[in-house]
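Here are the chains, one letter per residue:
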Amino acid sequence: MKGVQKSAIVILGASGDLANRKLIPALCKLFQERKIDESCIIVGSGRTDFTDEAFRRKFDVPGEFARLLYYHQGLSGLNRFVDGKGSFDRIIVFFALPPAAYSRTAEELFKEGFGEETAIIVEKPFGYDFDSARGLNLSLNHYFSEERIFRIDHYLAKEAVQNILVFRFANTLFEPVWNSHYIDCIQINAFEKIGVGDRGAYFDSAGIVRDMVQNHLTQLLCLMTMEPPVSLDSEDIRFQKMSILKALEYTDGSMFQYKGYREEKGVAPDSVTETYAEMKLFINNFRWTGMPVFIRTGKCLGRRGTEIGIRFKRPPKLLFNTGGKLERNTIIFKIQPAEGILLDLSSKIPGGDIRITHTNMRFCYRDSFEQEIPKAYQRLLLDALKGDRTLFVSAQETELSWRKVAPFLNRGILGTYRKGEVPESNLGADWIDFDKYGSIC
Ligand code: BG6
């Protein structure tokens, strides 16, 4: 992997919340871990007028890191300002801006003279539907070639998500049974306890399918089901993810809204935006045809957990529990909180009779590794500085994934649910009882 070159990191929208809560702390941590050093500079830019000193004082960071921070008001003259601080092999510009400003900003940066050495990082939401995503890609690509655009999906930077490919392809055990002959279904949950909070206006124009399914959960699904890539090169991984996206077919789904949502700040009083969605889909390729995948995600569900359950089929002949029910093997990937993996197995209860019960094998990150799990933005910023695009999403992926969820956008809601409850399902799925496994750690 390429190392970090002498770099300038420019944050547009530097007086905003993202810079304050995530970006500056992540860069500070990278500095403390010596992953970036004094040869790098960090330039904040925004509408507010700050001196360098005043900008440095905004953040609770040690002095030696604060010395890397500079501030320039607005975009005009920004390139000259960065040039004046030295010569840099690489410039990355983070758009901590509303997405509506992306195209215009890319054009202004280009006109300002940011050239071949500059890469841009953009956050989701990346488009609103297929047409808007395509339009945005075209306009960004007009000024910056695709290799210089880093589209963030912060789920890809979660440690337990990165472990999915390792689990699948570094262990001989699972790959032979990783197909619809042996697996009965895959279930992906992203449940949140919190509501829309102060993001009501954004969320009301999006809904949970745009907010979570089109991006984060589709990415999880791709990693869980894609073919092994030829190498770990980002293009090889993207190629395999694209093959899954091409084969996806959403067949069913229902949307709900939590009671009280319409009273949230920024939400329309007659809103029909969904805050919970359950969806069923198939992957119509050689490996997965016929096996359903279920996705459930929502806000105010009384439970927080992102997990993926792989439920296997029963053994072909039942030798045990012939009168009763023999449970099926299940693998649970706990993405958060308390990252881990659980393998659910049937075992004999000690004693004369053959009586079968559930047992499990657990792997918990906290118990297995001493080092701190890096925060998503640390990893993403470092990779962008190294020019490694593996954890970023390509233009084609975003577009295709919008196409696939299109039938579920603006569909309206089927009903409401009380805060703290999960709406009753209409999909007829045999749900994995994730709560039964408790927390893995
Ligand atoms: C964001 C969504 O992308 O992901 C939020 O916009 C959601 O609505 C968040 O709450 C969930 O992220 P995490 O890392 O807390 O699971």
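Structural data are supplied above this passage.
Since this is a predicted model, take the numbers as computed values, not measurements.

A. Representation of the side chain of glutamate 307 in the model. When you line up the elements, glutamate 307 lands in strand E11 (residues 305-312). A residue is classified by how much of its surface remains accessible, and glutamate 307, at 1% relative accessible area, is buried. Of note is the side chain of glutamate 307, whose polar atom sits 2.8 Å from the side chain of arginine 303. Leaving out residues up to four positions away in the same chain, glutamate 307 has contacts with Gln187, Ile188, Asn189, Ile332, Phe333, Lys334, Ile335 and Phe434.

B. Structural detail: empty space enclosed by the protein. Across all of its chains, the model carries two cavities of 30 Å³ or more by this definition. Of the volumes computed, that of the largest cavity is approximately 150 Å³. What lines the largest cavity is a set of 17 residues, among which Asp153, Gln214, Asn215, Val393 and Thr398 lie closest to the centre. Looking at the lining of the largest cavity, the elements that each hand over two or more residues are strand E6 (149-152), helix H9 (208-225) and helix H13 (395-405). Broken down by element, the residue count for the lining of the largest cavity peaks at five residues, all from H9. Across the lining of the largest cavity, the residue classes break down as five nonpolar, seven polar and five charged. The volume enclosed by the second largest cavity comes to roughly 40 Å³. Lining the second largest cavity we find Ala160, Asn163, Ile164, Phe333, Lys334, Ile335, Gly340, Ile341 and Tyr365. Along the lines of polarity and charge, the residues of the lining of the second largest cavity split into six nonpolar, two polar and one charged.

C. Fine view of the nonpolar core. Within the largest apolar cluster, 106 residues are counted, with the highest numbers of intra-cluster contacts made by Phe65, Trp178, Val209, Ile308, Ile310 and Phe333. Element by element, the count of residues in this core is highest for H9, at ten residues. The two domains that each donate at least three residues to this core are domain 1 (7-123) and domain 2 (156-373 + 396-437). Excluding residues within four positions of it along the chain, phenylalanine 65 makes contact with Ile24, Leu27, Cys28, Phe31 and Ile42. Grouped together as the second largest cluster of nonpolar side chains are 26 residues, Leu78, Ala106, Phe126 and Leu140 included.

D. Geometry of the sheet that holds strand E4 (residues 90-95). Spatial strand order, E3-E2-E1-E4-E5-E6-E15: seven strands in an open sheet with mixed pairing. Each end of this open sheet is capped by a strand with a single partner; those strands are strand E3 (69-73) and strand E15 (392-393). Relative to strand E5 (residues 118-122), E4 runs parallel, the two sharing four bridges. Each residue of the ladder has a partner; that of valine 93, found in E5, is isoleucine 120.

Cut-offs and rules
The residue numbers shown here count from 1 along each chain, following its written sequence. In view of the model being predicted, local features appear only for residues whose pLDDT reaches at least 70, and side-chain atom pairs are presented and counted only at 80 or more, with totals across whole chains, interfaces and linings using the full set of residues. Side-chain metrics in this entry use all non-hydrogen atoms of the structure; hydrogen atoms and water are not considered. Strands here mean DSSP runs of E at least two residues long; helices mean DSSP runs of H or I at least four residues long; both are numbered from the N terminus. Note on exposure labels: buried denotes an accessible area under 20% of the residue type's maximum, exposed denotes more than 50%, and partly exposed covers the range between, all computed with a 1.4 Å probe on protein chains only. In protein, a polar contact requires one atom able to donate a hydrogen and another able to accept it; more generally it is a pair of N or O atoms within 3.5 Å, and residues adjacent in sequence count only if both atoms are side-chain atoms. Contacts are assigned to residue pairs with any non-hydrogen atoms lying within 4.5 Å of each other. Both site types are read off a 1 Å grid over the protein atoms alone. A 1.4 Å probe that fits but cannot get out defines a cavity, while an open set with protein on both sides within 12 Å along at least five of seven lines defines a pocket; lining residues have an atom within 4 Å of a point. Grid points are joined across faces, edges and corners, and a volume is the space filled by probe spheres set on the points. Gly counts as polar in this scheme, as do all residues outside two lists: the nonpolar Ala, Val, Leu, Ile, Met, Phe, Trp, Tyr, Cys and Pro, and the charged Asp, Glu, Lys and Arg. What we call a nonpolar core is a set of buried Ala, Val, Leu, Ile, Met, Phe, Trp, Tyr and Cys residues that are connected through their side-chain atoms within 4.5 Å. By convention here, the domain bounds are inherited from an automatic or database domain assignment. DSSP-based pairing: two strands are paired if at least 2 bridges between them are found.

Everything listed here is a matter of coordinates, which is why it stays silent on function.
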